[in-house]
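Examining the three-dimensional arrangement
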Amino acid sequence: MRNPIIILLVIAAPVAAHAQVVFPADSAYRPLRCGNMPMTDGLADTAGFLDDLDVVGDPAAAAGLRASDATNLYLRIRLEADPVSGTLQASTWGMEFNLDIDTTNYELLVLVDGIAAPPVVSIFTNTMTTLSNDPNDPADMPAVQSYPFGMNGRSVAASGSNFGGDGDFFLDFAVPWSELVPLGLDRDTSTRAWVASSASQNSLNGDFACHDPANGAVSLGNSVSDTTTGDPNEDTTGGTGRLEGGGGCAVSGNAGLLVLALFGLLRKRRAR
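As a starting point, this report considers the structure included with it. None of these values were measured; they are calculated from a predicted model.

The subject of this paragraph is unusual backbone geometry. For the bond running from Ala117 to Pro118, omega is 0°, close enough to zero to count as cis. Within the element layout of this structure, Pro118 appears in the loop between strand S9 (108–113) and strand S10 (120–125). A cis amide bond links Met141 to the next residue, Pro142, at an omega of 0°. As for its placement among the helices and strands, Pro142 is situated in the loop between S10 and strand S11 (145–148). Even without a glycine there, the phi angle at Cys210 is positive, about 70°. Mapped onto the fold, Cys210 is located in the loop between strand S14 (190–198) and strand S15 (228–229). In this structure Cys210 comes out as buried when scored by relative accessible area, which is 18%.

Here it is as structure tokens:
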């Protein structure tokens, strides 16, 4: 008699296989902004999130940056220490993106996951809010798509930046526009972002840029970036946070706010 064959099915995000990403030059990266200034974050300002989990930045050396080309959106986080020592450390880092005018929730998360084996860069949606105004609101599982960190991520020395008296590092990670656009983040999409380190594999719960813990607990509302666009090259605000001109542009005035509000409500409707 034949031995029975047991088939195990594992539900997980597909891991895309493709060539190693070629990251752009430093000069291509543009800073995210908070309060009309480049995104900042203090040294060792969050207990338990130090060294490679310590997001750092000042007006001359932004904590969070982005670049873009025809294929990818490139995200960059400035860290006090190297997150890669032989292999990526067992933590996570990422950016959450708001795609409507309600900054008490986010709709998209791009996460570098060093807890996973092997490490990955993952894209998550967040269609169901369970923790309002909380950056630790869990994203939908599983991830929409994942990419090997060895292909879509890297750690490089941050030239000219030495918070804490020693050299800092950039954690760079790339995700393709072909995946982001169907999820609602296009080049000219109005968006705001959150930048942080984390210990979670589907949310952010660590050291947040644009937030000083001395002023109270972090929330989505008190740590969000200024308004920008999906592609930093499409942002014509000059740091004012007001989108104007350009293709696909202008969300301005009451009519624009109404359109965005209706869009956000439609995205958040729950199945009955």
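As for its placement among the helices and strands, Leu73 is situated in strand S5 (residues 72–79). Judged by relative accessible area, Leu73 falls into the buried class, the value being 1%. Note: C-alpha distance between Leu73 and Trp177 (104 residues apart in sequence) is 6.4 Å. In this structure, Leu73 is in contact with Arg66, Ala67, Phe173, Ala174, Val175, Trp177, Leu180, Leu185, Gly230 and Pro232, ignoring residues within four places of it in sequence.

For the rest of this paragraph, the subject is the sheet that holds S15. Taken together, 6 strands build an open sheet; the order of strands is S11-S10-S9-S8-S14-S15 and the sheet is antiparallel. A strand with exactly one partner marks an edge of an open sheet, and here the two such strands are S11 and S15.

Attention now moves to the packing of aromatic side chains. Applying the stated criterion across every chain yields a total of 1 aromatic pair. A cation sits over an aromatic face here: Arg76 above Tyr29, 3.9 Å from the ring centre. The residue whose ring lies beneath Arg76 is Phe170, and the NZ or CZ to ring-centre distance is 3.9 Å.

Here is the key point about a regular strand: its side chains alternate between the two faces of the sheet. By the criterion of burial, strand S13 (residues 168–176) is predominantly enclosed, with 8 of the 9 residues buried. Taken together, the 8 bridges between S5 and S13 define a ladder with antiparallel strand orientation. If you follow Arg78 over to S13, its bridge partner there is Phe170.

If you walk through the whole model with that rule in mind, you get 4 salt bridges. A salt bridge links Asp172 to Arg154; the nearest nitrogen and oxygen atoms lie 2.9 Å apart. With Asp172 in strand S13 and Arg154 in strand S12 (residues 153–158), this pair connects stretches of sequence that are 18 residues apart. Using a relative accessible area of 0% as the deciding quantity, one classes Asp172 as buried. Judged by its relative accessible area of 23%, Arg154 falls in the partly exposed class. Between Arg187 and Asp231 there is a salt bridge, with the nearest N and O atoms lying 3.0 Å from each other. Note that Arg187 is positioned in the loop between helix H2 (177–180) and S14 and Asp231 in the loop between S15 and helix H3 (253–268), a separation of 44 residues in sequence.

Conventions and cut-offs
- Sequence positions are assigned chain by chain, starting from 1 and proceeding in written order.
- Local features in this predicted model are restricted to residues whose pLDDT is 70 or higher, and side-chain atom pairs enter the listing and the counts only when it is 80 or higher, whereas totals over whole chains, interfaces and linings include all residues.
- Only hydrogens and water are set aside when side-chain values are computed; all heavy atoms of the structure are taken into account.
- A run of H or I in DSSP counts as a helix once it spans at least four residues, and a run of E counts as a strand once it spans at least two, with each numbered from the N terminus.
- Think of it in three bands: with a 1.4 Å probe and only protein chains considered, a residue is buried below 20% of the maximum accessible area for its type, exposed above 50%, and partly exposed in between.
- Contact between two residues is taken to exist if any of their heavy atoms lie within 4.5 Å; hydrogens are not considered.
- Criterion used throughout: strands pair if DSSP finds at least two bridges between them.
- The pairing test for Phe, Tyr and Trp rings, Trp by its six-membered ring, is centres within 6.5 Å, and the orientation test on the planes gives stacked under 30 degrees, edge-to-face over 60, and tilted for anything in between.
- Cation placement over rings: the criterion is NZ of Lys or CZ of Arg within 6 Å of the ring centroid and within 35° of the ring normal.
- Salt bridges are counted wherever a side-chain nitrogen of Lys or Arg sits within 4 Å of a carboxyl oxygen of Asp or Glu.

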